[in-house]
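Residue-level listing of the chains:
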Amino acid sequence: MQNSFFIKKKENSNADAFNSGTKKSCETVSFEPKIIGFLCNWCSYAGADKAGTAQKPYPPNVSVIRVMCSGRIDPQFILDAFQKGADGVMVLACHPGDCHYKEGNYRAVQRYRLLLKLLKQFGIEAERCRFDYVSAGEGDRFVSVINETVKAVKKLGPLKR
Amino acid sequence: MTGKPKISMYWAASCGGCEIALVNINEKIIDLDANFDFMFCPCLLDTKKQEIKELPDESIFITFFNGGIRTEENEEMAHLLRKKSKILIAFGSCAYEGCIPALANLSSREELFKTVYLDNPSIDNPHGILPVPESDVAEGELEIPLFYDTLRTLSQVVDVDYFIPGCPPEPKQIWKVVELVLSGASLPPKKSVIGAGKSSVCEECDRKKSEKMVEKFFRNYEIIPEKEKCLLEQGLICMGIATRDGCGALCPKVNMPCTGCYGPPEGVLDQGAKMVSALGSIIDISDIKGLSEEKIIEKINSTIESIPDPAGLFYKYSLADSLLKRRVAQ
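What counts, and where the lines are drawn
Residues numbered from 1 in each chain as written. Chains lettered and ligands numbered in written order. Predicted model: local features only at pLDDT ≥ 70, side-chain atom pairs only at ≥ 80, totals over all residues. Buried ≥ 20, exposed ≤ 12 C-beta atoms within 10 Å, placed from the backbone. Helix = DSSP H or I, 4+ residues; strand = E, 2+ residues; numbered from the N terminus. Contact = placed C-beta atoms within 7 Å. Domains from an automatic or database assignment. Nonpolar A, V, L, I, M, F, W, Y, C, P; charged D, E, K, R; others polar. Axes fitted to C-alpha atoms, helices over the stretch in contact; angles between N-to-C directions. Parallel < 35°, antiparallel > 145°, perpendicular 65-115°, else oblique. Left-handed = near helix turned anticlockwise from the far one by under 90°.

Considered for burial, the residues of helix 3 (residues 75-83) of chain A that qualify are A:Pro75, A:Gln76, A:Ile78, A:Leu79, A:Ala81 and A:Phe82. Lining the buried residues of helix 3 of chain A we find strand 1 (35-40), strand 3 (88-93), helix 4 (104-121) and strand 4 (129-133) of chain A together with helix 9 (271-282) of chain B. Note on helix 3 of chain A: the residue one or two positions beyond its end, A:Gly85, has a positive phi of about 125°.

Written as structure tokens, this is what we have:
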């Protein structure tokens, strides 16, 4: 049961990641985590864009959701993502002091620290839920944050439910 | 044997407080009896399961079902009463969203058994005997209902018509529901939460509220709160901000922070997540402005240090009905 879930998950995320409907065998493929990334419109999303424009390669495991501000991210969104099949969630915000709305990122980090404590009690490892700062100019930083998160979640394996 | 519509009340994984809440409608219980045939309630009456089984389907007009689904027997009774009742109401926080028994969803069944039957300081169990569904004794085979790994709410097991929140539901709200049924007025849409409001407890709370900027959180025993000021503003974790109204803000009225027994307000999926969201919004940010990214983490961690058990605090009543429902498999 557990095994078949694991394999099914591998097929799914594989198909999503490489958009290949023809792949039949999954024996050679390692676990590809599904990660949801909430990116703030003004800094982090622009940072991701910068990485894209510069054609920097990074793993395709993160599905990006653009929000107007990291302060808009209701912890319900994060729990919902985990409940609906995400193996990891990322919240990327403007650096402290840079928020377009002055204090949205402070609110976001306060919520995140408290949520992390809560997630631990639910058995969800801190590495599965990452908060970080990426500015509009930090394309390289965006790539390294994605790389680190994908690597950490890969190491943990799929989130068992 | 009367021609009056039948009303029943059953308890699953619960404490019995819901039955007391029903009796607490006081003299109105006579009106209830005048209009209904109160025919099944293991806490108060002697009707047997067999007699319920023999009833035609949907012959009980209303069943108030309190308690979560913890064991095989709870589930069996939920199915039986669903079949025999016209209107099945999840009565009280346990049946509606799990309540205190659902906090066990943060542990596995094995951990629970270990704590309760082996490690408990007051227990004497030298042979380490744990409950099993079937066991052989000198008199023959003994069967006890299977204890499930996860506590579920009533609506996760059977189709539920209405939900009455509260731990326990307020007697005046219970009576309002009974009155509504008696009046013959059309009932609210199925699946709705009845006997409560739609907004938050703050709506009913007359404490003075101003802009919330909390520097430190306190546990209830640490401070004596000011009489008029909002408890949350004084650093006490009052769940009122993420809890449905309908109780009359009874706890804040007597200087006790709301613990959230009426569940999330209308439209909220997850009471705990909303509480995290609310607290993130009221922690004073003036202290972290201008700090480095590492120092910000340190500062926030020290502010939330006085919340040692956020899951137990924010999901005291709603864990089984929350988004995650239980601790993930280890």
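And the narrative resumes.
All names here are of chain B. With domains assigned, chain B is organised as domain 1 (6-100 + 150-183), domain 2 (109-148) and domain 3 (201-321). With centres defined by C-alpha atoms, the gap from domain 1 to domain 3 works out at 32 Å. Across the boundary between the two partners, domain 1 contributes 15 residues, which contact 13 residues of domain 3. Of all the elements in the fold, those that place two or more residues in the side of domain 1 that touches domain 3 are helix 5 (92-97) and strand 8 (147-152). Sorting elements by how many residues they give to the side of domain 1 that touches domain 3 places helix 5 first, with three residues. Of the residues assigned to the side of domain 1 that touches domain 3, the class counts are six nonpolar, six polar and three charged.

With that out of the way, let us pick up the interface of chain B and chain A. Contact with chain B, which involves 28 residues of that partner, is made by 27 residues of chain A. Secondary structure elements with two or more residues in the side of chain B that touches chain A: helix 9, helix 10 (293-303) and helix 11 (310-314) of chain B. Considering every element that reaches the side of chain B that touches chain A, the biggest residue donor is helix 9 of chain B, with eight residues. Residues of the side of chain B that touches chain A, tallied by class, amount to 18 nonpolar, six polar and four charged.

As a further point, take the packing of helix 4 of chain A against helix 10 of chain B. Packing of helix 4 of chain A against helix 10 of chain B brings their axes to within 10 Å, and their N-to-C directions diverge by 55°. Viewed along their axes, helix 4 of chain A and helix 10 of chain B adopt a mutual orientation that is oblique. In the packing of helix 4 of chain A onto helix 10 of chain B, the handedness of the crossing is right-handed. Listed contacts from helix 10 of chain B to A:Val109, A:Gln110 and A:Arg113 of helix 4 of chain A are B:Ile296, B:Ile297, B:Ile300 and B:Asn301. Looking at side-chain class alone, the contact of helix 4 of chain A with helix 10 of chain B contains four nonpolar, two polar and one charged residues.

Let us look at the packing of helix 2 (residues 44-53) of chain A against helix 5 (residues 139-156) of chain A. Residues and elements named next belong to chain A. Between helix 2 and helix 5, the shortest axis-to-axis distance is 7 Å and the interhelical angle comes to 95°. By the angle between their axes, helix 2 is roughly perpendicular relative to helix 5. For the pair helix 2 and helix 5, contact is made by Gly47, Ala48, Lys50 and Ala51 and by Gly139, Arg141, Phe142 and Val143, respectively.

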